[in-house]
Amino acid sequence: QVQLVESGGGLVQAGGSLRLSCGVSGRTFSSYAMGWFRQAPGKEREFVADISWTGGSTYYADSVKGRFTISRDNDKNTVYLQMNSLKPEDTAVYYCAADKALIALRKGYGINYWGKGTLVTVSS
């Protein structure tokens, strides 16, 4: 069983930065592609970014490209989301996700493991 625990959310002013972390239990972290999703109030959950098993490949939603950076540390079983130049429209609950198939993260369905989320609020 794989468990994901997000941290690092909070309240920040527009233009500010936050770094989210997602700790993953289990010994097979490096065999999972990882992703971040978010859900704003009243909206559907949407893809933010994903990263391949070794960290050699990353992919971003157009809305965050150039502002957010996903990374992972396989020695620490942790994936990160560095968020810069935050905007009020980035306000959402951010979820970490894991799957052995990168395509599942890219398509946003059939994902095996989810965290419970961490709230990011960006004030104007």
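Once a new chain begins, its residue numbering starts again from 1 and follows that chain's sequence as written. This being a predicted model, a pLDDT of at least 70 is required before a residue's local features are given, and a value of 80 or more before pairs of side-chain atoms are given or counted; all residues contribute to the totals for chains, interfaces and linings. Water and hydrogen atoms were dropped before computing side-chain values, which therefore reflect all heavy atoms in the structure.

Caption draft 1: Inspection of the packing of aromatic side chains at higher detail. Aromatic rings from Phe, Tyr and Trp, with only the six-membered ring used for Trp, were paired whenever their centres fell within 6.5 Å, and each pair was classed as stacked if the ring planes differed by under 30 degrees, edge-to-face if by over 60, and tilted otherwise. The tally for this structure, following the rule as stated, stands at four aromatic pairs. Arranged with centres 5.8 Å apart and planes meeting at 75°, the rings of Tyr32 and Tyr113 form a pair that is edge-to-face. Here Tyr32, found in the loop between β3 (18–24) and β4 (33–39), pairs with Tyr113, found in strand β10 (residues 113–114); they are 81 residues apart in sequence, far enough to count as distant. Aromatic ring contacts, followed pair by pair, group Phe37, Phe47, Tyr59 and Trp114 into a single cluster. The numbering of helices and of strands both runs from the N terminus, where a helix is a DSSP run of H or I of at least 4 residues and a strand a run of E of at least 2.

Caption draft 2: Local environment of the nonpolar core. Only buried Ala, Val, Leu, Ile, Met, Phe, Trp, Tyr and Cys residues count toward a nonpolar core, and they belong to the same one when joined by side-chain atoms within 4.5 Å. Throughout, exposure labels follow a simple rule: accessible area from a 1.4 Å probe, protein chains only, divided by the maximum for the residue type, with under 20% read as buried, over 50% as exposed, and the rest as partly exposed. With 39 residues, the main nonpolar core has Leu4, Met34, Trp36, Leu81, Met83 and Tyr94 as its most contacted residues. Mapped by element, the contributors of at least two residues to this core are β3, β4, β5 (46–51), β7 (68–73), β8 (78–83), β9 (92–99), α1 (102–107) and β11 (118–123). The biggest single contributor to this core is β9, with five residues.

Caption draft 3: Representation of the sheet that holds β8 in the model. What the four strands build is an open sheet, ordered β1-β3-β8-β7; its pairing is antiparallel. Either end of the sheet is taken by a strand with one partner, and the two such strands are β1 (4–7) and β7. Between one strand axis and the next, the sheet turns through 15° on average, direction left out of account. Whether two strands pair comes down to DSSP finding at least two bridges between them. Here an angle of 0 to 180 degrees is reported between the N-to-C directions of two axes, which are lines fitted to C-alpha atoms, with helices fitted over the stretch in contact.

Caption draft 4: Quick look at the pattern of salt bridges. Only one rule defines a salt bridge in this text: a Lys or Arg side-chain nitrogen within 4 Å of an Asp or Glu carboxyl oxygen. Counted by the stated rule, this structure contains five salt bridges. Salt-bridge contacts for Asp90 lead to Arg38; the nearest nitrogen and oxygen are separated by 2.9 Å. Taken as a pair, Asp90 in the loop between β8 and β9 and Arg38 in strand β4 lie far apart in primary sequence, 52 residues in all. A relative accessible area of 0% places Asp90 in the buried class. Residue classification places Arg38 among the buried positions, given a relative accessible area of 6%. Between Arg106 and Asp50 there is a salt bridge, with the nearest N and O atoms lying 2.7 Å from each other. Here Arg106 is found in helix α1, whereas its partner Asp50 is found in strand β5, with 56 residues between them in sequence.

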